[in-house]
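The primary structure of each chain is shown beneath.
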Amino acid sequence: MLFRSRRRFLYTTALTLSAAALRAHAAAKPRLVSANGKPAIAGIGVGGKGAVDLKGLHDGGASQVVALCDVDRRTLESARAKYPEARLYTDYRVMLEKEADLDAVNVSTPDHHHYPATMLAMRKGLGVYTQKPLTHTVWEARQLTEAARRLGVVTQMGNQGHSGDGNRIV
């Protein structure tokens, strides 16, 4: 006999269902985009390299830039001119909380925000492209690696110096 009493059966069932429910809500699931759909992209840090990255993601119509975040208002307004439909934010935490339909983010902030912005986006179930340096410590890099595996999100670090044709030919 698997359960010795009705009370034990109810206890075990309630415990199992509670654990399953908590696990389902512990992390957001990646949103699936059809092969014909355009992923919704957000930029965190949209000046300099961030502007170049967003242009690359947007040009050709493969994706749509729906949200922009930068602490510098002038940089944000400049990016708005290129992506007039995008919603603007000055705090990426607020943006990631409010934007429910994002598929991926580009993180091109100052270096000290790469890890926290990337981890927060991954916890929301988003794919992330982050500029180098990805982290400042080995521990942070390991945390991001474990989170990407656990959450099933796609990540990439920008490392243009090693991904050009010249290096591939060599």
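Residue positions are given per chain, counted from 1 along the sequence in the order it is written. Only residues with pLDDT of at least 70 get local features here, since the model is predicted, and only at 80 or more are side-chain atom pairs given and counted; chain-wide, interface and lining totals rely on the full set of residues. Working from all heavy atoms in the structure, the side-chain values ignore hydrogens and water.

### A short note on the overall build of the protein
Definition in use: Under the scheme used here, helices are H or I runs from DSSP no shorter than 4 residues and strands are E runs no shorter than 2 residues, and both carry numbers assigned from the N terminus. In this scheme, a residue with accessible area under 20% of its type's maximum is buried, one over 50% is exposed, and one in between is partly exposed, where area comes from a 1.4 Å probe on protein chains only.
The secondary structure content of the protein amounts to seven helices and six strands. Counted from the first residue to the last, the protein has its helices and strands arranged as α-β-α-β-α-β-α-β-α-β-α-β-α. The buried share among the 170 residues of the protein stands at 34%.

### A look at unusual backbone geometry
Residue Pro133 follows Lys132 across a cis peptide bond; omega there is -5 degrees. With respect to the helices and strands, Pro133 occurs in the loop between β5 (127–131) and α6 (138–151).

### Thoughts on the pairing of β5
The condition is simple: Note on pairing: two strands pair once DSSP finds at least 2 bridges between them.
Counting buried residues in β5 gives four out of five residues, a clear majority hidden from the surface. Judged from the four bridges that link them, strand β4 (residues 104–107) and β5 form a sheet pairing that is parallel. Within the sheet, the bridge partner assigned to Val105 lies in β5 and is Val128. In this structure, β5 lies alongside strand β6 (residues 155–158), joined through four bridges in parallel fashion. Counted as the bridge partner of Thr130 is Met157 from β6.

### What about the environment of Arg93?
For clarity, the threshold we go by: Think of a polar contact as two N or O atoms within 3.5 Å of one another; within protein, one of them needs to be a possible hydrogen donor and the other a possible acceptor, and neighboring residues in sequence only count if both atoms come from side chains.
Checked against the element boundaries, Arg93 lands in helix α4 (residues 92–98). Owing to a relative accessible area of 53%, Arg93 belongs among the exposed residues under this scheme. Measuring from C-alpha to C-alpha, the distance between Arg93 and Pro116 comes to 9.6 Å, with 23 residues separating the pair along the chain. Side chain to side chain, Arg93 and Asp91 meet in a polar contact 2.8 Å long.

### Details of the side chain of Thr130
To keep it simple, the criterion reads: For this analysis, residues touch if any pair of their heavy atoms sits within 4.5 Å.
Mapping Thr130 onto the fold places it in strand β5. Within polar-contact distance, the side chain of Thr130 engages the side chain of Thr118 at 2.7 Å. Once you skip the residues sitting within four places of it in the chain, Thr130 turns out to touch Val107, His114, Thr118, Gln156, Met157 and Gly158.

### Let's talk about the confidence of the model for the protein
Counted only if it meets this: Per-residue confidence from the predictor is reported as pLDDT, a score between 0 and 100.
In this model, the protein carries a mean pLDDT of 82, and residues with pLDDT of at least 70 account for 75%. Ranking the helices and strands of the protein by mean pLDDT puts strand β3 (residues 87–89) first, with 97, and helix α1 (residues 6–26) last, with 52. Here residues 19–26 scores under 50 on pLDDT; set against residues more than four positions off or in separate chains, the count is two contacts.

### A few points about the pattern of salt bridges
Applicable threshold: Should a side-chain nitrogen of Lys or Arg be within 4 Å of a carboxyl oxygen of Asp or Glu, the pair is scored as a salt bridge.
Within this structure, the stated rule accounts for seven salt bridges. A salt bridge links Asp91 to Arg93, with the nearest nitrogen and oxygen atoms 2.8 Å apart. By relative accessible area, which is 23% here, Asp91 ends up partly exposed. As a salt-bridge pair, Glu97 and Lys124 come within 3.1 Å of each other at their nearest N and O atoms. Of this pair, Glu97 sits in helix α4 while Lys124 sits in the loop between α5 (114–123) and β5, placing them 27 residues apart in sequence.

### Regarding the packing of aromatic side chains
We apply this condition: A pair of Phe, Tyr and Trp rings is counted when the ring centres sit within 6.5 Å of each other, with Trp represented by its six-membered ring. The angle between the planes then sorts it: under 30 degrees is stacked, over 60 is edge-to-face, the rest tilted.
Summed over all chains, the structure comprises one aromatic pair. Taking the centre distance of 6.3 Å and the plane angle of 55 degrees together, the rings of Tyr115 and Trp139 count as tilted. In this pair, Tyr115 is assigned in helix α5 and Trp139 in helix α6, connecting sequence segments 24 residues apart. For Trp139, a relative accessible area of 52% translates into the label exposed.

### Quick notes on the environment of Tyr89
Structurally, Tyr89 is set in strand β3. Those residues in contact with Tyr89 that lie beyond four places of it in its chain are Ala67, Leu68, Cys69, Asp70, Leu76, Val94, Met95, Lys98 and Glu99.

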